[in-house]
Amino acid sequence: MSTGTWAERRREDRAAAAELARRDADAATERALHVEAVRAEIAERRRTERAARDEAARAALVEQTRRARAERRKRAAARRAAVGVWAARHRVDLLIYPLAVASAVMAVPAMASYGVAVYGSWTGAVLPVLSELGMWAFALAVQSRRRTHPGAPLWALQAGVWAFAAVAAGLNIAHGLDAGVSTGLVMGVVSVAGVIAHQLVTAGARPARRARTERAAERKLRAARRAALRAAVAEIDTDGDARLVHTPGVYRVRRDRLGRAHLAPHTTPGLPVDDDGGDLAAEVSAWLAEQTPRLSSLPVPSADDPAGGTGNQHDPADIGTEDDRPDGHGVATLDRPAGGRDGEHGRRRPRRKTTRPRARSMAELRAELAAAVAAGEVDPTSAESIRTALRCAPARARALRDEHRTNQS
């Protein structure tokens, strides 16, 4: 290889190395610039996020402060409204109680000094408790009772108010008489002025008077209850416990010669009547209803028979009277002979007595009901079904129904 060629190749190598170094430097510079840019972007993003968080925190704090301030204003407005409502409701109290306070401010120290002077020791200082606080205790009790128990009697409490007011006035007058009559009168009036105003305005209001018809109805109810209590009887069970038993029904309140109320049974048109005492009559009616098919067997004269007593006319003695007909029924009639007497000698035929149907006992009705239920002929939960099937009184049908329900339960 020649020297020129080697030198040229060497220059080319150096040039290539220099170019490669330059490119490496440019790449390193570019990477450094990119890294710096990324770092700057990250730092900017962090600053932006931090600023956003700070702004959100400041906004939340401002909103919280605003809400707290609005809540405080709302509570203050509610308190002012409540105070306004209370003041409007107790407007009279706000006018009266200052009078009571003024009366107490003047009377209590005077009574305390008077008690010390009378008793000669400090124990007399509690005299205002008896003279002043006593009447106020009763006055406030009247007010409380009227609010909690409207319509309750208050005469005893009001009597206590005026009794202790008289005591307070008397003690203050006695105290003031040491300085003169006018002083005693002034001290006595000042002592009771507050409680008098309180009773006249605050506790003196009476409830609205009820209508006259309501009072009359209440008096009549009280009289009926007293009369029912006097008419009640005692029922003693096997354990010896007693209870009062009343007879239900519709009654009119009447008064005897001594003015005592008593109950008289009364029937009012339009009100249902529960007749539990007609059991026998209902039994008889049911028995008669059973005999209705037999009426077809009664001897009824033909319309073609002559009225003169000939032909197919039957002798009256053969037909008999109404009691001789089956079951005491029958509507067949026959003209009597001219003599007006039955029989050959003009004597009336003796009437044969019929036997009245016997009222069945509850035990018999229970047995019949059990048989009918077993046969599926009656609904034991229906009083009407029991009455129709057994032909008994409605009251007994209801009693049998109730017994069946009790046994089933």
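This text follows the structure it describes.
Residues numbered from 1 in each chain as written. Predicted model: local features only at pLDDT ≥ 70, side-chain atom pairs only at ≥ 80, totals over all residues. Heavy atoms only, no water.

K.L.:
Help me out: how do you make sense of the overall build of the chain in this one?
P.N.:
Looking only at helices and strands, the chain features eleven helices and four strands. When the 409 residues of the chain are sorted by exposure, 21% land in the buried category. About 29800 Å² of surface is accessible on the chain, with carbon and sulfur atoms providing 57% of the total. (Helix = DSSP H or I, 4+ residues; strand = E, 2+ residues; numbered from the N terminus. Buried < 20%, exposed > 50% of the residue type's maximum accessible area, 1.4 Å probe, protein only. Areas by Shrake-Rupley, 256 points an atom, 1.4 Å probe, with all protein chains shown as cover.)

K.L.:
Teacher, can you tell me more about helix 3 (residues 127–148) here?
P.N.:
Structurally, the α-helix is built with 3.6 residues per turn, so residues lying three or four positions apart point the same way. For helix 3, which comprises 22 residues, the first-to-last C-alpha distance of 31 Å matches the rise-based estimate of 32 Å (1.5 Å per residue) to within 8%. Taking the largest bend as the criterion, helix 3 deviates by roughly 40 degrees, centred on Leu 133. Those residues of helix 3 lying buried are Leu 127, Pro 128, Ser 131, Glu 132, Gly 134, Met 135, Trp 136, Ala 139, Val 142, Gln 143 and Arg 146. Tucked inside the fold, the buried residues of helix 3 contact helix 2 (91–119), helix 4 (155–176) and helix 5 (181–202). (Expected span 1.5 Å × (residues − 1). Bend = angle between axes of the 7 residues up to and from the residue. Contact = heavy atoms within 4.5 Å.)

K.L.:
Could you clarify how one ought to interpret the nonpolar core in this entry?
P.N.:
Across soluble globular proteins, you tend to see nonpolar side chains buried next to one another. One finds Met 135, Trp 136, Val 192 and Val 195 to be the most contacted residues of the largest nonpolar core, which totals 13 residues. Elements represented by at least two residues in this core include exactly helix 3, helix 4 and helix 5. Considering every element that reaches this core, the biggest residue donor is helix 4, with five residues. Among all residues touching Val 192, those that are not within four sequence positions of it are Met 135, Ala 165, Ala 168 and Ala 169. By size, the runner-up hydrophobic cluster in this structure holds ten residues, among which are Leu 369, Ala 372, Ala 397 and Leu 400. (Core = buried A, V, L, I, M, F, W, Y, C linked by side-chain atoms within 4.5 Å.)

K.L.:
Would you take a moment to explain the pattern of salt bridges for this structure?
P.N.:
Evaluated as defined, the whole model comprises 15 salt bridges. In this structure, Arg 401 and Asp 402 form a salt bridge, with 3.2 Å as the shortest nitrogen-oxygen distance. Overlapping salt bridges bring together Glu 19, Arg 22, Arg 23 and Asp 26 as one network. (Salt bridge = Lys/Arg side-chain N within 4 Å of Asp/Glu carboxyl O.)

K.L.:
Please explain the pairing of strand 2 (residues 242–245) as it appears in this structure.
P.N.:
As a general feature of sheets, a regular strand has side chains that alternate between the two faces. Sheet topology places strand 1 (residues 233–236) next to strand 2; four bridges connect them, and they run antiparallel. In the strand pairing of strand 2, Glu 235 is matched with Arg 243. Hairpin remark: strand 1 followed by strand 2, antiparallel, with five residues in the connecting loop; positive phi at Gly 240, about 90 degrees. (Pairing = 2+ DSSP bridges.)

K.L.:
Sorry, what's going on with the pairing of strand 4 (residues 261–265) here?
P.N.:
Summarising the sheet, strand 3 (residues 251–255) and strand 4 pair through five bridges and their orientation is antiparallel. By the bridge assignment, Arg 252 is partnered in strand 4 with Ala 264. Counting the residues between successive antiparallel strands, the hairpin from strand 3 to strand 4 contains five residues, one of them, Gly 259, with a positive phi of roughly 85 degrees.

K.L.:
What am I meant to see in the packing of helix 9 (residues 362–375) against helix 11 (residues 394–408) here?
P.N.:
For any two helices packed against each other, the geometry comes down to the angle between their axes and how far apart the axes lie. Contact pair helix 9 / helix 11: the axes reach a minimum separation of 11 Å and the direction vectors enclose 60 degrees. The two elements helix 9 and helix 11 meet at a crossing, and its hand is right-handed. On helix 11, the residues touching Met 362, Leu 365, Arg 366 and Leu 369 of helix 9 are Arg 396, Ala 399, Leu 400 and Glu 403. When its residues are assigned to classes, the contact of helix 9 with helix 11 shows five nonpolar, no polar and three charged. (Axes fitted to C-alpha atoms, helices over the stretch in contact; angles between N-to-C directions. Left-handed = near helix turned anticlockwise from the far one by under 90°. Nonpolar A, V, L, I, M, F, W, Y, C, P; charged D, E, K, R; others polar.)

K.L.:
Is there a simple way to explain a nonpolar patch on the surface in this structure?
P.N.:
Together, Val 92, Trp 162, Ile 196, Leu 200 and Val 201 make up an exposed nonpolar region whose accessible area comes to about 450 Å². Counting residues per element, the nonpolar patch draws most heavily on helix 5, which supplies three residues. Relative to the helices and strands, Trp 162 is located in helix 4. Trp 162 sits in the partly exposed class, given a relative accessible area of 41%. (Patch = residues over 30% accessible without salt bridge, like charges linked within 9 Å, V, L, I, M, F, W, Y side chains within 5 Å.)

No statement about biological role is implied by the geometric values presented.
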